[in-house]
Amino acid sequence: MFVDSHCHLSFPELAGDLPGVLSRMRENRVVAALNVCTTLPEFDVVLPVAEREPDIYASVGVHPDNSDTPEPTVDRLCELARHPKVVAIGETGLDYYRLTEPLEWQRERFRVHIRAARAAGKPLIIHTRAASADTIRLMQEEGATQAGGVMHCFTESLDVARAAMDLGFYVSFSGIVTFKSARELQEVARAVPLERMLIETDAPYLAPVPFRGKRNEPAFVPNVAIKIAELKAVTVETVAAATTENFFHLFNILPQIVNAKAPIELQ
Ligand SMILES: [Zn+2]
Ligand SMILES: [Zn+2]
């Protein structure tokens with residue numbers, strides 16, 4: 001059993017082929033996937049998939065790359081996160097790669113998400129790119145430890161991974177770890193204990209080897225597990241079991257609702 005802890009089923013590359021994407025995922029023993037939200041309007045498309053499909057979960061949040069989009073408030077995020085299939089706040093974080101300063105709005109938006117996650121009692125999905133020092137600093141300043149969460153599609157150094165793990169966060173590896181060029185990241189994956197690790201596709205982007213360059217989808221997440229197993233010299237089953245268990249634990253998903261047809265009220 002594998003789990004894809006981060007994908008974007010509402011992006012056009014996948015949305016037009018959703019029945020095929022879901023059936024290939026299930027054929028590949030991928031028992032759950034977290035469909036991640038990147039804008040508030042997109043949430044209206046993200047949630048219905050989770051409501052309809054028992055093995056798909058949703059998040060709510062506004063990605064740091066989206067500058068021209070409705071700004072979330074703590075109250076709004078908490079309200080949308082009340083749905084039992086909404087298991088996380090994000091993706092949020094900082095990205096200084098695509099956009100340049102002044103980015104105070106991006107930092108403020110990240111703070112709003114951390115406050116919402118604490119208030120809602122749901123974990124954070126954090127995206128960080130070319131901004132790791134500020135990301136960790138804001139997590140510390142806003143008490144992100146109280147919400148917990150995951151550093152998704154991790155590409156930073158082992159020091160950053162350690163700082164995140166010290167705050168109680170998980171580290172999630174994507175198909176990037178399978179790339180020949182990703183030697184440093186492979187060392188990080190070797191050092192991050194399985195107890196703190198998740199795997200993801202971040203589909204439709206970053207397809208793992210041997211699908212590199214193609215459209216990515218949740219069915220490919222076992223290829224990330226295969227690479228991690230090779231790096232750590234353990235079996236694929238070991239990686240699959242640990243990352244699946246971590247996913248259900250972090251996102252507070254009870255085993256009995258994994259196969260439920262309809263969302264069940266938990267509170
Ligand atoms: Zn991201
Ligand atoms: Zn993403």
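All of these numbers come straight from a predicted model, not from anything done at the bench. (Residues numbered from 1 in each chain as written. Chains lettered and ligands numbered in written order. Predicted model: local features only at pLDDT ≥ 70, side-chain atom pairs only at ≥ 80, totals over all residues. Heavy atoms only, no water.)

**Quick look at the coordination of the zinc ion (ligand 2)**
- Within the first shell, the zinc ion (ligand 2) binds the protein through His-6 (NE2), His-8 (NE2), Glu-91 (OE) and Asp-202 (OD), at distances of 2.0 to 2.7 Å.
- One way to put it: the four donor atoms around the zinc ion (ligand 2) meet at angles of 87 to 174°, and that makes the site irregular.
- Site description for the zinc ion (ligand 2): donor spacing in sequence, H-x1-H-x82-E-x110-D.
- Taken as a pair, the zinc ion (ligand 2) and the zinc ion (ligand 1) show a spacing of 3.5 Å, with Glu-91 coordinating each metal. Of the two residues, Glu-91 sits in strand E4 (residues 86-95) while Asp-202 sits in the loop between strand E8 (197-199) and helix H9 (221-232), which places them 111 residues apart along the sequence.
- Since its relative accessible area comes to 1%, Glu-91 is described here as buried. (Donors = N, O, S within 2.8 Å, 3.2 Å for Na, K, Ca; no water. Tetrahedral: all angles 85-135°; square planar, octahedral: opposite > 155°, others 65-115°. Helix = DSSP H or I, 4+ residues; strand = E, 2+ residues; numbered from the N terminus. Buried < 20%, exposed > 50% of the residue type's maximum accessible area, 1.4 Å probe, protein only.)

**Looking at the coordination of the zinc ion (ligand 1)**
- At the metal site, the zinc ion (ligand 1) is ligated by Glu-91 (OE), His-127 (ND1) and His-152 (NE2), and these contacts range over 2.0 to 2.1 Å.
- Summarised as a motif, the one-chain spacing of the donors to the zinc ion (ligand 1) is E-x35-H-x24-H.
- On the basis of relative accessibility, which here comes to 5%, the residue His-152 falls in the buried class.

**Concerning unusual backbone geometry**
- Pro-204 follows Ala-203 through a cis peptide bond whose omega is 15°.
- With respect to the element layout, Pro-204 can be found in the loop between E8 and H9.
- Residues Val-209 and Pro-210 are joined by a peptide bond in cis, for which omega reads 10°.
- Tracing the backbone shows Pro-210 in the loop between E8 and H9.
- A positive phi angle is found at Arg-29, which is not glycine, with a value near 60°.
- With respect to the helices and strands, Arg-29 occurs in the loop between helix H2 (18-27) and strand E2 (30-35).
- For Arg-29, a relative accessible area of 51% gives the class exposed.
- Positive phi, close to 45°, is recorded for Cys-153, a residue that is not glycine.

**Thoughts on helix H6 (residues 132-141)**
- Among all positions of H6, only Ser-132, Thr-135, Ile-136, Leu-138 and Met-139 are buried. Buried residues of H6, seen end-on, are gathered within an arc of 165° and therefore sit on one face of the element. In H6, the exposed positions angled more than 90 degrees off the buried face are occupied by Ala-133 and Gln-140.
- At the exit of H6 stands Gly-143, carrying a positive phi of roughly 65°. (Arc of directions from axis to C-beta.)

**Some points on the side chain of Glu-91**
- The buried charged residue Glu-91 lacks any salt bridge, with Arg-98 as its nearest oppositely charged partner at 9.1 Å.
- A polar contact of 3.2 Å, which involves the side chain of Glu-91, links it to the side chain of His-127.
- At 2.9 Å, the side chain of Glu-91 and the side chain of His-152 are in polar contact. (Lys, Arg positive; Asp, Glu negative; His and termini not counted. Salt bridge = Lys/Arg side-chain N within 4 Å of Asp/Glu carboxyl O. Polar contact = N/O pair within 3.5 Å; in protein donor to acceptor, adjacent residues only side chain to side chain.)

**As for the environment of Leu-185**
- Looking at the element boundaries, Leu-185 is found in helix H8 (residues 183-191).
- In this structure the C-alpha to C-alpha distance between Leu-185 and Phe-173, which are twelve residues apart in sequence, comes to 9.0 Å.
- The residues touching Leu-185, leaving out its near neighbours within four places in the chain, are Phe-154, Thr-155, Glu-156, Phe-173, Ile-176 and Val-177. (Contact = heavy atoms within 4.5 Å.)

**Topic: the pairing of strand E3 (residues 56-60)**
- Most of E3 is tucked away, with five of its five residues classed as buried.
- The pairing of E2 with E3 spans three bridges and is classified as parallel. In the strand pairing of E3, Leu-34 is matched with Tyr-57.
- As paired strands, E3 and E4 are joined by three bridges and run parallel to one another. By the bridge assignment, Val-60 is partnered in E4 with Ile-89. (Pairing = 2+ DSSP bridges.)

**Digging into the pattern of salt bridges**
- Enumeration according to the criterion identifies 21 salt bridges in this entry.
- Of the charged contacts, one joins Glu-53 and Arg-52 as a salt bridge, the two residues approaching to 3.4 Å between their closest N and O atoms.
- Overall, Arg-52 belongs to the partly exposed group, its relative accessible area being 47%.
- A single network of salt bridges, built from pairs that share partners, joins Glu-101, Glu-104, Arg-107, Glu-108, Arg-111, Arg-115, Asp-134, Arg-137, Glu-141 and Glu-142.

**Remarks on the packing of aromatic side chains**
- Taken as a whole and judged by the stated rule, the model has six aromatic pairs.
- Between Phe-154 and Phe-173, the aromatic rings sit 6.3 Å apart at their centres with planes inclined by 75°, giving edge-to-face as the arrangement. Taken together, the residues span a long stretch of sequence, with Phe-154 in the loop between strand E6 (149-151) and helix H7 (158-166) and Phe-173 in strand E7 (residues 170-173) at a distance of 19 residues. This pair shows no difference in class: Phe-154 is buried, exactly as Phe-173 is.
- Between Lys-85 and the ring centre of Tyr-57, over which it is positioned, the NZ or CZ distance is 4.8 Å.
- Seen from the ring of Phe-179, Arg-212 lies directly overhead, with NZ or CZ sitting 3.6 Å from the centre. (Phe/Tyr/Trp six-rings, centres within 6.5 Å; stacked < 30°, edge-to-face > 60°. Lys NZ or Arg CZ within 6 Å of the ring centre and 35° of its normal.)

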